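# Chains, contacts and geometry: an overview
Spelled out from the first residue to the last, the chains are:
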Amino acid sequence: MSMVHFIGAGPGDPELITVKGKRLIEDAPVVLYAGSLVPPGIVALARPDAVVIDTAPLHLDEIISHIKEAIDAGKTVARVHSGDPSIYGATAEQMRRLDELGITYDVTPGVPAFAAAAAALKSELTLPEISQTIIITRTDGEASPMPEGEDLATLGKSGATLAIHLSIRNIHKVVAELTPHYGEDCPVIIAFRVGWPDQEIVRGTLADIKAKVKAMKVTRTALIFVGHVLGRRDFNDSRLYHVDHQHVLRPGKKKAAG
């Protein structure tokens with residue numbers, strides 16, 4: 001049966017794709033991919049006779065038209081998005097259209113940018129007694145304003161680790177709204193094109209990150225981390241592997257009778 005597979009391609013490294021996602025792309029007679037955001041190595045997985053379409057210059061109606069044409073011809077479609085389709089993937093409106101058309105689809109997750117960036121940093125984003133919460137968010141953009149109550153000034157009250165997408169052009173806003181909650185000395189990390197050959201990581205604080213971003217001359221494809229977990233080494237060990245911590249797979253030893 002022909003259907004549509006929404007596939008997360010990961011953030012940039014073509015090896016950061018699931019085995020299932022790779023197989024679906026290799027098998028599909030029609031592949032639609034999200035322009036420069038999907039690595040060329042992922043697109044190259046398509047079979048030689050596949051119809052491969054870059055959707056970057058297309059609007060939603062055109063994308064759906066290509067999908068419907070393939071489905072009507074009995075062909076399965078691999079709809080490839082960068083990162084993970086569930087995060088700023090613009091997949092919801094496509095799925096809604098497919099529901100209206102009665103077209104079957106499924107979703108294969110991908111490695112999200114924040115996870116790939118944390119791996120590049122060799123950093124855990126949650127540390128005992130420092131932060132146990134990660135907030136994935138963004139700032140206002142021309143295309144999508146933020147809902148009421150989701151501004152950084154409000155989210156920053158939590159003190160959680162923030163992974164801020166699509167906001168490098170608003171770095172001044174990030175600094176202004178978070179400094180009162182996190183302090184000027186709070187670590188900030190900019191992960192530019194994480195997973196790509198030209199990946200760049202810049203470390204700073206809320207006090208100096210604006211100047212560093214200006215020097216980078218970066219205007220897109222960058223993730224901003226803000227949080228006190230970044231670079232910390234003075235944290236308590238997790239209880240998970242503590243010698244005295246017991247659970248069903250590591251029960252405590254019985255005391256000798258005496």
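Up top is the structure.
This write-up is about the structure you can find in this document. This is a predicted model, so every value here is computed, not measured. (Residues numbered from 1 in each chain as written. Predicted model: local features only at pLDDT ≥ 70, side-chain atom pairs only at ≥ 80, totals over all residues. Heavy atoms only, no water.)

Another point: the packing of helix H7 (residues 171-182) against helix H8 (residues 209-216). Running from N to C, H7 and H8 cross one another at 170 degrees; their axes reach a closest spacing of 10 Å. As the angle between them shows, H7 and H8 are arranged roughly antiparallel. Facing Ile171, His172 and Val175 of H7, the residues of H8 in contact are Ile209, Lys210 and Val213. Split into classes, the residues belonging to the contact of H7 with H8 amount to four nonpolar, one polar and one charged. (Axes fitted to C-alpha atoms, helices over the stretch in contact; angles between N-to-C directions. Helix = DSSP H or I, 4+ residues; strand = E, 2+ residues; numbered from the N terminus. Parallel < 35°, antiparallel > 145°, perpendicular 65-115°, else oblique. Contact = heavy atoms within 4.5 Å. Nonpolar A, V, L, I, M, F, W, Y, C, P; charged D, E, K, R; others polar.)

Bringing the sheet that holds strand S9 (residues 200-205) into the picture now. With mixed pairing, the five strands of this open sheet are ordered in space as S6-S7-S10-S8-S9. Two strands lie at the open edges of the sheet, namely strand S6 (134-138) and S9, each paired on one side alone. In this sheet, adjacent strand axes meet at a mean angle of 20 degrees when their direction is disregarded. Two elements, strand S8 (residues 187-192) and S9, share six bridges in a ladder whose sense is antiparallel. (Pairing = 2+ DSSP bridges.)

Time to look at the pairing of S8. Burial within S8 is extensive, with six of its six residues counted as buried. Relative to strand S10 (residues 222-226), S8 is paired through five bridges, and the arrangement is antiparallel. For Ile189, the partnering residue across the bridge sits in S10 and is Phe225. (Buried < 20%, exposed > 50% of the residue type's maximum accessible area, 1.4 Å probe, protein only.)

Time to look at the environment of Val52. Locating Val52 in the fold gives a position in strand S3 (residues 51-54). Here Val52 falls in the partly exposed class, since its relative accessible area comes to 37%. Sequence spacing of Val52 and Asp237 is 185 residues, and the spatial spacing of their C-alpha atoms is 49 Å. Aside from chain neighbours lying at most four places away, what touches Val52 is Val31, Tyr33, Val43 and Ala46.

One can find Arg23 in helix H1 (residues 19-27). Spatially, the C-alpha atom of Arg23 lies 8.8 Å from that of Leu45, the residues being 22 residues apart in sequence.

Turning our attention to the pattern of salt bridges. For the structure on display, the rule yields seven salt bridges. The residue Asp49 makes a salt bridge to Arg47 at a minimum N-O spacing of 2.7 Å. Overall, the relative accessible area of 54% leaves Asp49 in the exposed class. A salt bridge links Arg193 to Asp198; the shortest N-O distance between them is 2.8 Å. For Asp198, a relative accessible area of 38% puts it in the partly exposed group. (Salt bridge = Lys/Arg side-chain N within 4 Å of Asp/Glu carboxyl O.)

This brings us to the packing of helix H3 (residues 60-72) against helix H4 (residues 92-101). In contact at an axis separation of 11 Å, H3 and H4 are set at 50 degrees when each is read in the N-to-C sense. Relative to H4, H3 is oriented oblique. Classified by chirality, the crossing of H4 by H3 is right-handed. Side by side, H3 and H4 meet where Leu60, Asp61, Ile63, Ile64, Ile67 and Lys68 of the first sit next to Glu93, Gln94, Arg97, Leu98 and Leu101 of the second. (Left-handed = near helix turned anticlockwise from the far one by under 90°.)

Another point: the sheet that holds strand S2 (residues 30-33). Paired through their backbone hydrogen bonds, the strands of a sheet run either parallel or antiparallel. A sheet is described by the order of its strands in space; here five strands give the open sequence S3-S2-S4-S1-S5, paired in parallel fashion. The two strands at the open ends of the sheet, each matched to only one other strand, are S3 and strand S5 (105-108). Between one strand and the next, the sheet's axes are offset by a mean angle of 20 degrees, whatever the strand orientation. One ladder, built from four bridges, connects S2 with strand S4 (residues 77-81); its direction is parallel. Paired with Tyr33 across the two strands is Val80, which belongs to S4.

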